[in-house]
Amino acid sequence: YNRLIDSQTRKELLFEFDYSVNDTMLKAIMGNFRAVAYQILQNYPRSVNVSCEPGYEQELMTTIEELPFVESTALIGVLGN
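The structure presented is a predicted model; accordingly, all values stated were derived computationally and were not measured.

1. A look at the overall build of the protein
Assigned secondary structure in the protein consists of three helices and zero strands. For the protein, buried positions account for 5% of its 81 residues. Of the roughly 8400 Å² of accessible surface on the protein, a fraction of 53% belongs to carbon and sulfur atoms.

Written out as structure tokens, the structure is:
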């Protein structure tokens, strides 16, 4: 009963990140707040398909790889229609 009352009266803050944050990045962020307990509510892999005009593939891949939240990339080309 005491734990139930405590859980209902404890102050909690919910942080939502605009971009994906993996476990490693979250631990680095929360390392600055060692006295704060945290829990990940949603942790699902994210992926995206990107298309571009022919000839700009390498430029696009370089730009995507520079984004801080991108963990890996793969270039798959389609020849013909």
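Read on for the rest.
2. What to know about a nonpolar patch on the surface
Together, L13, F15, F17, I29, F33 and V36 make up a nonpolar patch on the protein surface, roughly 630 Å² of accessible area in all. Topologically, F15 is positioned in the loop between α1 (2-9) and α2 (23-30).

3. Some details on the environment of S51
Following the sequence through the fold, S51 ends up in the loop between α2 and α3 (57-65). For S51, a relative accessible area of 71% corresponds to the exposed category. Residues S51 and G77 lie 26 residues apart in sequence; the distance between their C-alpha atoms is 9.5 Å.

4. What about the environment of S72?
Tracing the chain through its elements places S72 in the segment after α3. Sequence separation between S72 and S47 is 25 residues; the distance between their C-alpha atoms is 9.8 Å.

5. A few points about the confidence of the model for the protein
Summarising the model, the protein shows a mean pLDDT of 79, and 89% of its residues fall at 70 or more. For the protein, α1 is the element with the lowest average pLDDT, namely 75, and α3 is the one with the highest, namely 90.

Conventions adopted
- Residues numbered from 1 in each chain as written.
- Predicted model: local features only at pLDDT ≥ 70, side-chain atom pairs only at ≥ 80, totals over all residues.
- Heavy atoms only, no water.
- Helix = DSSP H or I, 4+ residues; strand = E, 2+ residues; numbered from the N terminus.
- Buried < 20%, exposed > 50% of the residue type's maximum accessible area, 1.4 Å probe, protein only.
- Areas by Shrake-Rupley, 256 points an atom, 1.4 Å probe, with all protein chains shown as cover.
- Patch = residues over 30% accessible without salt bridge, like charges linked within 9 Å, V, L, I, M, F, W, Y side chains within 5 Å.
- Salt bridge = Lys/Arg side-chain N within 4 Å of Asp/Glu carboxyl O.
- pLDDT = per-residue confidence, 0-100.

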